[in-house]
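These are the residues of each chain, in order.
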Amino acid sequence: MPVELEAFNIQPARQATPRAARVGIGGPVGSGKTRLLEQLIPRFAARGIDLAVITNDLVTREDAERVRRSGLIDPARVLAVETGACPHTAIREDPTLNLQAADELDERFPGLQLVLIESGGDNLASSFSLDLVDYWIFVIDVAAGDDIPRKRGLGVVSCDLLVINKFDLAPYVGVDLERMTREAREVRRQRAVALTNCATGDGVDVVVDAIVENVLFDAH
Ligand SMILES: Nc1nc2c(ncn2[C@@H]2O[C@H](COP(=O)(O)OP(=O)(O)OP(=O)(O)O)[C@@H](O)[C@H]2O)c(=O)[nH]1
């Protein structure tokens, strides 16, 4: 310890652990959040981005187990948060558990660049606290109805990127995709909207590009 500090018994400031970018993925139950995660993980790996994942479930660790078993990522890089009855509380009102999990990943994996945080399935009004994430995505399901954008839920309107997933199902459920996309852009005042088929991966590169451009500036 330098003499001047020793004389006053002052400890040198501890170097803060550098923090990875944190990206939230929210949306209603079954809209395809975990499937999107499973499509994103190999794409970030292919770009050499050092990645970890946090999943939120009501009372189980099912999503975390699914991602761990997928073979797509080192299971140690997947942490589970059990949210109890109210998934949005853990990502908005009191994100302490998710913050602790993200900090733990930063400490465990020096050089970590990105943490993807999947919310538990919730309703259209769920949103992420900006104390927790730098950027967040809301995933909706074409088969759940083309009127979802018109309902102007907080998630749809205020996320950084709206993902309209399961576009492959549009012909089977009588959804006019063009109109649904146009209405989504209107209620979002022309902010980003992406169309995906997370079953095959179609459209997922656009989501990767959006994350890279918005939170991983120099990882092109
Ligand atoms: N046809 C089709 N099926 C999809 C697509 N994306 C997801 N699925 C299927 O939809 C179902 C729900 O997907 P999940 O990824 O588990 O949804 P989730 O939002 O994580 O669900 P919760 O964690 O329960 O909220 C699964 O059977 C997926 O295989 C898609 O783009 N097209």
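Treat the numbers as computed from the prediction; the structure is a model and nothing was measured.

### Structural notes on the UniProt feature "domain: CobW/HypB/UreG nucleotide-binding" (unreviewed entry) in the protein
1) Next: Per the UniProt entry, the sites bearing "domain: CobW/HypB/UreG nucleotide-binding" (unreviewed entry) are residues 23-193 in this numbering.
2) Next: What you have in residues 23-193 is 36% helix and 20% strand, and the ends, taken at the C-alpha atoms, are 16 Å apart.

### Here's the deal with unusual backbone geometry
Excluding glycine, residues mostly carry a negative phi; peptide bonds, for their part, are mostly trans.
1) Next: Positive phi values are uncommon outside glycine, yet R152 reaches one of about 50°.
2) Next: On the basis of relative accessibility, which here comes to 56%, the residue R152 falls in the exposed class.
3) Next: The phi dihedral of R189 falls on the positive side, at around 50°, and the residue is not glycine.
4) Next: Looking at the element boundaries, R189 is found in the loop between α8 (177-187) and β7 (193-196).

### Focus on the side chain of K33
1) Next: Here K33 is to be found in helix α2 (residues 33-46).
2) Next: Comment: no salt bridge for buried K33; closest opposite-charge side chain is E118, at 4.8 Å.
3) Next: In this structure, K33 is in contact with I25, G26, G27, P28, E118, S119, G120, G121 and V139, ignoring residues within four places of it in sequence.

### Brief notes about the pairing of strand β1 (residues 21-26)
1) Next: With respect to burial, β1 is a largely interior element, six of its six residues being buried.
2) Next: The alternating pattern of β1 places A21, V23 and I25 on one face and R22, G24 and G26 on the opposite face, and all of these are buried.
3) Next: In this sheet, strand β4 (residues 114-118) lies alongside β1 in parallel orientation, the contact comprising five bridges. From the neighbouring strand, A21 faces β4, where its bridge partner is L114.
4) Next: In this structure, β1 lies alongside strand β5 (residues 135-141), joined through four bridges in parallel fashion. Bridged to G24 within β5 is W136.

### Side note on the sheet that holds β1
1) Next: If you walk across this open sheet you meet the seven strands as β3-β2-β4-β1-β5-β6-β7, and the pairing is parallel. If you trace the sheet from one side to the other, it starts and ends with β3 (78-82) and β7, each paired once. Along the sheet, successive strands turn relative to each other by an average axial angle of 20°, direction set aside.
2) Next: Relative to β4, strand β2 (residues 51-57) runs parallel, the two being bridged by five bridges. Bridging across to β4, A52 finds its partner in V115.
3) Next: Packed onto the sheet, α2 meets β1, β2, β4 and β5 and runs at close to 170° relative to β4.
4) Next: Here helix α9 (residues 204-215) sits on the sheet and contacts β1, β4, β5, β6 (161-165) and β7; the angle it forms with β5, its principal contact strand, is near 160°.

### Quick look at the UniProt feature "binding site: GTP" (unreviewed entry) in the protein
1) Next: Taking the UniProt record as the reference, the feature "binding site: GTP" (unreviewed entry) is found at G27, P28, V29, G30, S31, G32, K33 and T34.
2) Next: Here P28 shows up in the loop between β1 and α2.
3) Next: On the accessibility criterion, P28 (18% relative accessible area) is buried.
4) Next: Discounting residues that sit within four places of it in the chain, P28 has contacts with K33, G121, D122, L124, F138, V139 and I140.

Rules used throughout
- Residues numbered from 1 in each chain as written.
- Predicted model: local features only at pLDDT ≥ 70, side-chain atom pairs only at ≥ 80, totals over all residues.
- Heavy atoms only, no water.
- UniProt positions renumbered as here; feature names shortened; annotations may be inferred.
- Helix = DSSP H or I, 4+ residues; strand = E, 2+ residues; numbered from the N terminus.
- Buried < 20%, exposed > 50% of the residue type's maximum accessible area, 1.4 Å probe, protein only.
- Lys, Arg positive; Asp, Glu negative; His and termini not counted.
- Salt bridge = Lys/Arg side-chain N within 4 Å of Asp/Glu carboxyl O.
- Contact = heavy atoms within 4.5 Å.
- Pairing = 2+ DSSP bridges.
- Axes fitted to C-alpha atoms, helices over the stretch in contact; angles between N-to-C directions.

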